[in-house]
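Listed here are the chains, written in short residue letters.
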Amino acid sequence: MANQTIHQKVVLIGDGAVGSSYAFAMLQQQIADELVIVDIQTDHVSGDALDLEDVQPLTGPLNVHPGTYQDATDADLVVITAGVPRKPGETRLDLVNKNLNILKTIVKPIVESGFAGIFIVAANPVDILTMATQKLSGFPRERVIGTGTSLDSSRWQVALANRLSVDLRTVDAYILGEHGDGQFAAYQAAAIAGQPLLAVAAKQGVSQLQLTDLETTTRKKGGSIIGLKGATFYGVATSLMRLSRAVLHNENIVLPIGAPVDGQYGLHDLYIGTPAVINAQGIAQILEVPLSADEQAKMVASAKSLQAIAADALGD
Ligand SMILES: NC(=O)C1=CN([C@@H]2O[C@H](COP(=O)(O)OP(=O)(O)OC[C@H]3O[C@@H](n4cnc5c(N)ncnc54)[C@H](O)[C@@H]3O)[C@@H](O)[C@H]2O)C=CC1
Ligand SMILES: CC(=O)C(=O)O
């Protein structure tokens, strides 16, 4: 990784709601030394960089400034949030062609800059765009990370903590599969303070049907927020910040991501939501969550739907 020990540099592509929230989170958390922001709306980026630099006296130095794709030449991370967001009633998959065309204009000049770091992708449909980033860049798969079901897992953890009245930090539970309608909760492996989720729920009189309703609400939460305020951004921006920290601080931490499965769950040749170990090399290890037969069938169905879209959009 370029300049890992000397000067950590991140290039953010896309300074909209998600991108600017990510930039703010990076400044709050003091994660890199330099943050370069690139967007076709150049005046907006200039204004945002000036606005963001005033955070520094109260947090600490992080050189934030506008830039170009050429800035990726010595960057450790490129974070892609550029794209058209989902409109009310639109699915993430409706976005595929629009955002694929935008992605093509980004990845090529980044690679041509000599970038030798790690890509993190959040633009939707994120599983397809992450796969496309890997293919267009020709980078090793472990150096291209998608946010996958990171946001969905956060939503699920919040929902479980609220429903079961437990401290959020004791909830160990993941949403797997597509970041979209094909996602599902992995119940067998889920735990609250080390106790199986299903046992804790049963003890509190919460039925599987009620958990399934909660899972449905979680799946629909993005759409609900978009219906109310037009977009969602704080959750995924924080997922991006957390992933950035895991890479830049070489954390070896397990996080839910969009991962390039290679035999896990019997799947190959796609990015899909599952936990993985993240460190300075990118995806150090993809973890396979133990699934029930029903959950495994959902994983395969989710993969099939993503592969069909990838075949249409990417010609695979
Ligand atoms: N993976 C996830 O969990 C989530 C993903 N998203 C996705 O993130 C993406 C961004 O969402 P928002 O920030 O809300 O959208 P936004 O419309 O606020 O921002 C998008 C930004 O991309 C910029 N842009 C467009 N084409 C560009 C190009 N060729 N080069 C550089 N910049 C370019 C636009 O000028 C704009 O500033 C969308 O695809 C959205 O669906 C949003 C929430 C959650
Ligand atoms: C927009 C989006 O992908 C979400 O909030 O889940």
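These figures come from a predicted structure and were not determined experimentally. In this convention, every chain numbers its residues from 1, walking through the sequence in written order. For this description, chains carry letters from A and ligands carry numbers from 1, given in the order in which they are written. Given that this is a predicted model, residues contribute local features only at a pLDDT of at least 70 and side-chain atom pairs are listed and counted only at 80 or more, while totals for whole chains, interfaces and linings are drawn from all residues. Each side-chain value is worked out from all heavy atoms of the structure, with water and hydrogens disregarded.

Student: Describe the nonpolar core, and please don't skip the residues or the numbers.
Tutor: Residues belong to one nonpolar core when they are buried, are Ala, Val, Leu, Ile, Met, Phe, Trp, Tyr or Cys, and are joined through side-chain atoms within 4.5 Å. Throughout this description, buried means an accessible area under 20% of the type-specific maximum (1.4 Å probe, protein chains only), exposed means over 50%, and partly exposed covers the range between. One finds Tyr22, Leu35 and Ile278 to be the most contacted residues of the largest nonpolar core, which totals 85 residues. Only DSSP runs of H or I with at least four residues qualify as helices, and only runs of E with at least two residues qualify as strands; both kinds are numbered from the N terminus onward. In terms of residue count, the dominant contributor to this core is helix 10 (residues 234-248) (eight residues). Inspection of this core shows a minimum of three residues originating in each of domain 1 (9-146) and domain 2 (150-314). In what follows, residue pairs with any heavy atoms lying within 4.5 Å of each other are defined as contacts. Beyond its immediate stretch of four places on either side in the chain, isoleucine 278 contacts Ile145, Leu243, Ala246, Val247, Glu251, Asn252, Ile253, Leu255, Ile257 and Ile283. Within the second largest apolar cluster, 18 residues are counted, among which are Ala159, Ala173, Ile192 and Leu211. Delimitation of the domains relies on an automatic or database domain assignment.

Student: Provide a residue-level description of the site of ligand 1, including the pertinent values.
Tutor: Nearness here has a simple test: a residue counts as near a molecule or strand if at least one of its heavy atoms is within 4 Å of that partner. Within the structure, ligand 1 sits among 27 residues, and Ala17, Val18, Asp39, Gln41 and Ala122 are positioned closest to it. Polar contact criterion, stated in full: a pair of N or O atoms within 3.5 Å, where within protein one must be able to donate a hydrogen and the other to accept it, and residues adjacent in sequence count only if both atoms are side-chain atoms. At 3.2 Å from a nitrogen atom of ligand 1 is found a side-chain nitrogen or oxygen belonging to tyrosine 69. Alanine 122 has a polar backbone atom sitting 2.9 Å from a nitrogen atom of ligand 1. Protein chains shield 88% of the accessible area of ligand 1, which is 860 Å² for the free molecule. Note that accessible areas follow from Shrake-Rupley with a 1.4 Å probe, and for residues the cover is restricted to the protein chains shown.

Student: Which residues make up unusual backbone geometry, and what are the values?
Tutor: Looking along the chain, the bond that leaves asparagine 124 and enters proline 125 is cis, with omega of -5°. Structurally, proline 125 can be placed in the loop between strand 5 (118-121) and helix 5 (126-137). A positive phi is found at asparagine 250, a non-glycine position, where the angle reads about 45°. Structurally, the position occupied by asparagine 250 is in the loop between helix 10 and strand 12 (253-262). With relative accessibility at 36%, the residue asparagine 250 sits in the partly exposed group.

Student: Could you give an account of the UniProt feature "active site" (unreviewed entry) in the protein, with specific residues and numbers?
Tutor: UniProt positions are given in the numbering used here, feature names are shortened, and annotations may be inferred rather than shown by experiment. Annotation from UniProt places "active site" (unreviewed entry) at His179. Mapping histidine 179 onto the fold places it in the loop between strand 8 (175-176) and strand 9 (184-185). You can call histidine 179 buried: its relative accessible area is 9%.

Student: I'd like a description of helix 6 (residues 150-164), backed by residues and values.
Tutor: Expected helix span is taken as 1.5 Å per residue step, with the number of steps being one fewer than the number of residues. Between the first and last C-alpha of helix 6 there are 21 Å, a value that for 15 residues agrees with the 21 Å anticipated at 1.5 Å per step. The set of residues buried in helix 6 consists of Ser150, Leu151, Asp152, Ser153, Arg155, Trp156, Ala159, Leu160, Ala161 and Leu164. The first or second residue beyond helix 6 is serine 165, which carries a positive phi of 50°.

Student: Which residues make up the packing of aromatic side chains, and what values do they have?
Tutor: Put simply, two rings from Phe, Tyr or Trp (the six-membered ring, in Trp's case) pair if the centres are within 6.5 Å, and we call them stacked under 30 degrees between planes, edge-to-face over 60, tilted for the rest. Applying the stated criterion to the full structure yields five aromatic pairs. The interplanar angle of 90° and the centroid separation of 5.8 Å between the aromatic rings of tryptophan 156 and tyrosine 187 together place this pair among those described as edge-to-face. Remark: tyrosine 187 occurs in the loop between strand 9 and strand 10 (191-192) and tryptophan 156 occurs in helix 6; sequence separation between them is 31 residues. Tyrosine 187 carries the same exposure label as tryptophan 156, and that label is buried. Taken together, the aromatic side chains of Phe115, Phe119 and Phe139 make up a single cluster linked through ring pairs. Counted as over-ring charges are cases with an Arg CZ or a Lys NZ within 6 Å of the ring centre that also lie within 35 degrees of the ring normal. Sitting over the ring of phenylalanine 139, arginine 143 keeps its end group 4.6 Å from the ring centre.

Student: Just give me the short version of the packing of helix 4 (residues 96-112) against helix 5, but keep the residues and values in it.
Tutor: For helices, the fitted line uses only the C-alpha atoms of the stretch in contact; every axis is such a line through C-alpha atoms, and the angle between N-to-C directions lies from 0 to 180 degrees. In the contact formed by helix 4 and helix 5, the axes pass within 10 Å of each other and the chain directions differ by 35°. Considering how the two elements wind past one another, helix 4 and helix 5 form a crossing that is right-handed. Listed contacts from helix 5 to Val96, Asn99, Leu100, Leu103, Lys104, Val107 and Val111 of helix 4 are Ile128, Leu129, Ala132, Thr133, Leu136 and Ser137. Under this grouping Gly is polar, as are all residues other than the nonpolar Ala, Val, Leu, Ile, Met, Phe, Trp, Tyr, Cys and Pro and the charged Asp, Glu, Lys and Arg. Residues of the contact of helix 4 with helix 5, tallied by class, amount to nine nonpolar, three polar and one charged. In this scheme the handedness of a crossing depends on how the near helix is turned from the far one: anticlockwise by less than a right angle means left-handed, clockwise means right-handed.

Student: Requested: an account of the UniProt feature "binding site: substrate" (unreviewed entry) in the protein, with residues and values cited.
Tutor: When the UniProt feature table is mapped to this numbering, "binding site: substrate" (unreviewed entry) covers Arg92, Asn124, Pro125, Val126, Asp127, Asp152, Ser153, Ser154, Arg155 and Thr232. Residues from the annotated list that form part of the lining of the largest pocket: Arg92, Asn124, Val126, Arg155 and Thr232. Judged by relative accessible area, which is 3%, proline 125 ranks as buried. The topology assignment puts aspartate 127 in helix 5. Site definitions follow a grid-based scheme: protein atoms alone, a 1 Å grid, a 1.4 Å probe that fits but cannot get out for cavities, and for pockets an open set with protein on both sides within 12 Å along at least five of seven lines, plus lining residues having an atom within 4 Å of a point.

Student: Describe the packing of helix 6 against helix 8 (residues 208-219), with residues and values.
Tutor: Running from N to C, helix 6 and helix 8 cross one another at 140°; their axes reach a closest spacing of 9 Å. Taken together, the axes of helix 6 and helix 8 lie oblique to each other. Relative to helix 8, the crossing made by helix 6 is right-handed. From helix 6, Asp152, Arg155, Trp156, Ala159, Leu160 and Arg163 reach across to helix 8, where they touch Gln210, Leu211, Leu214, Glu215 and Thr218. A class-by-class count of the residues in the contact of helix 6 with helix 8 yields five nonpolar, two polar and four charged. If an angle is under 35 degrees, it is roughly parallel; if it is over 145, roughly antiparallel; if it lies from 65 to 115, roughly perpendicular; otherwise it is oblique.

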